[in-house]
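Structural overview for review
Here is what each chain is made of, one letter per residue.
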Amino acid sequence: MVSSQWRRLYTSVQGESELVEKSLFNVSRSLYEQVCSEHNLLDAFKDVKRNKGVPGVDNQTVEDFGSNLLMELSRLSKELKEWRYKPRPVKRVEIPKGDNKKELRKLGIPCVRDRVVQACLKRLIEPIFEPSFSVSSYGFRPGRKQHDAILASKAIVNSGKEWTVDIDLEKFYDTIPHDRLIYRLSLKIKDKRALRLIGNILRSGVLIDGRKHSTLMGVVQGSPLSPLLSNVVLDELDKELEKRGVEFVRWADDANIFVRSEKAAQRVMHNISKFIEKHLKLKVNTQKSKVALSKHVKFLGMTIVAGTVAISAKSLARAMEKVKQLTPTNSPVPVEVTIRKVNDWYKDWVPYHSITQYPSQFRAIEAHVRRRLRARIVRQSKRPKYFYRKLMKRGVSKKVAFKNAYSNKGPWKRSHHAMNHAFSVSWFVEETGQLIVSNKKLSHWLSVENWIRLT
């Protein structure tokens, strides 16, 4: 579909040479003219389509926009050229933030047409700013991922800088000053029309319960342009840290600074917090920011402890809570059905967290799944005499089977010793298809017997 529309948009009787000629001409055009280009808007739509996403306030889906792509891009281009383009308010969505279920993260969903314009701006602006960004900044940058930031943190800690200044910015995306952001952009973007367009996007407002609310500050978290704009804002912090000669790793607004002593860490916390609030006009969350040894700090869901990378205690606790939700012990659902649901979640959760060097953390999760499902089997076995026979058939001794079947203890306590033998790990793997990853031999993993206690 897109490829055929590309040809209809950019080829003519003169053939492919005209397309090449237009692409070369694009280089000499001003930034705003490049935003108006249907050629660039089409590339931006491909990005939007790849990222999928739900409709904005106009309820138009990506598929609906794509079904009339020629008309939509032509209209969008014309509106931009004639300065009739007006970004629509974003749809407000709130999701639980981190470990605190009561604290909500405010996300904004722009309309598809507005996402196309923002994606186009991002494609054009990113090459302007990217070369000057700090090597210690990893968030939402081409060719960089969270694992890179975690390994960089590990290298710094292993060099002897175990004290960490963990700075948390309070409601960062919601409190970015527009005037300061536009100023930072204007240092490298000389086309005032492009700056005006970005300003219009920032002030487009938000729709809450059917009413439009003005956005006098902040950047919409969830829009294609917001990650780049956040890096532009925090690049000033990066440059200040580099000037002070301290080592740090930053992922978006999550920044860790590493020093050799607690005294130095306290001094850096005080000075950098003062810089952030006075010069960047942002607020440091004093309740969440802290000075601590790296083993007590969670960064991107991981912890650097004893020179190794481990899944943080909070991330592991969240995984255990997810297992609890997926494996209710009082459910009549067959174990095989539940295992399929657990596997669907687990296979998505494992790849990111496999950067840990402790496969025992995965083994703990897998064992927790089995323990809860054994408890379900006990609960589902209503009559002791039938359960006694079932245990006997599965190789449990007569004495142990009788004691378990006729016990007054609850299902959880009875789901251990005898049930471990009757419904072993091999039974879960072979009969129910439980996904096991703790037995893999990844090159960076320690022995599965190695366990690390985290706080």
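Things to note about the pattern of salt bridges
The final tally for this structure, using the stated rule, is 21 salt bridges. With its nearest N and O atoms 3.6 Å apart, the salt bridge here joins Glu 449 to Arg 363. Of this pair, Glu 449 sits in the segment after helix H21 (425–432) while Arg 363 sits in helix H16 (residues 360–380), placing them 86 residues apart in sequence. Owing to a relative accessible area of 58%, Glu 449 belongs among the exposed residues under this scheme. The exposure class assigned to Arg 363 is partly exposed, which follows from its relative accessible area of 34%.

Examining a positive patch on the surface
Among the surface-exposed residues, Arg 383, Lys 385, Arg 389 and Lys 393 lie close enough to one another that they form a single positively charged patch. Along the polypeptide, Lys 393 turns up in helix H17 (residues 384–393). A relative accessible area of 77% places Lys 393 in the exposed class.

Focus: the confidence of the model for the protein chain
Model confidence for the protein chain is summarised by a mean pLDDT of 90, while 93% of its residues fall at 70 or above. Every residue in residues 9–28 is under pLDDT 50, and counting partners more than four places away or in other chains gives 19 contacts.

Quick word on helix H18 (residues 398–405)
For H18, the complete set of buried residues consists of Ala 401, Asn 404 and Ala 405. Angularly, the buried residues of H18 cover 95° about the axis, an arc narrow enough to put them on a single face. Turned more than 90 degrees away from the buried face of H18, the exposed residues are Lys 399 and Lys 403. The secondary structure elements touched by the buried residues of H18 are H17, helix H19 (411–414) and helix H20 (417–422).

Some details on the packing of aromatic side chains
Overall, the coordinates contain 13 aromatic pairs when judged by the stated rule. Aromatic pair Phe 140 and Trp 251: ring centres 5.7 Å apart, planes at 50°, arrangement tilted. On the criterion of sequence distance, the pair formed by Phe 140 in the loop between helix H7 (112–129) and helix H8 (146–158) and Trp 251 in strand S6 (residues 247–251) is long-range, its members being 111 residues apart. Take Trp 251: its relative accessible area is 11%, and that puts it in the buried class. By the ring-pair criterion, three or more aromatic residues cluster together here, those being Trp 345, Tyr 346, Trp 349, Phe 362 and Trp 445. The ring centre of Trp 83 lies 4.2 Å from the NZ or CZ of Arg 196, which sits over that ring. When the ring centre of Trp 412 is taken as reference, the NZ or CZ atom of Arg 371 above it lies at 4.3 Å.

With respect to empty space enclosed by the protein
Applying the stated criterion across every chain yields a total of three cavities of 30 Å³ or more. As for the largest cavity, its lining consists of 17 residues, and the residues nearest its centre are Gln 118, Ile 201, Ser 204, Val 220 and Ser 223. For the lining of the largest cavity, the secondary structure elements donating two or more residues are H7, helix H11 (192–202) and helix H12 (226–244). It is H7 that provides the largest number of residues to the lining of the largest cavity, a total of three residues. For the lining of the largest cavity, the class distribution of residues is 11 nonpolar, four polar and two charged. Contributing to the lining of the second largest cavity are Ile 150, Ser 153, Thr 164, Asn 256, Phe 258, Ser 294, Val 297, Phe 299, Met 302, Thr 303 and Ile 304. Those elements giving two or more residues to the lining of the second largest cavity turn out to be H8, strand S7 (254–259) and strand S9 (302–305).

About the criteria used
Residues numbered from 1 in each chain as written. Predicted model: local features only at pLDDT ≥ 70, side-chain atom pairs only at ≥ 80, totals over all residues. Heavy atoms only, no water. Salt bridge = Lys/Arg side-chain N within 4 Å of Asp/Glu carboxyl O. Helix = DSSP H or I, 4+ residues; strand = E, 2+ residues; numbered from the N terminus. Buried < 20%, exposed > 50% of the residue type's maximum accessible area, 1.4 Å probe, protein only. Patch = residues over 30% accessible without salt bridge, like charges linked within 9 Å, V, L, I, M, F, W, Y side chains within 5 Å. Areas by Shrake-Rupley, 256 points an atom, 1.4 Å probe, with all protein chains shown as cover. Lys, Arg positive; Asp, Glu negative; His and termini not counted. Charge placed at Lys NZ, Arg CZ, Asp CG, Glu CD. pLDDT = per-residue confidence, 0-100. Contact = heavy atoms within 4.5 Å. Arc of directions from axis to C-beta. Phe/Tyr/Trp six-rings, centres within 6.5 Å; stacked < 30°, edge-to-face > 60°. Lys NZ or Arg CZ within 6 Å of the ring centre and 35° of its normal. 1 Å grid on protein atoms, 1.4 Å probe; cavity = no way out; pocket = protein on both sides within 12 Å on 5 of 7 lines; lining within 4 Å. Points joined across faces, edges and corners; volume = space filled by probe spheres on them. Nonpolar A, V, L, I, M, F, W, Y, C, P; charged D, E, K, R; others polar.

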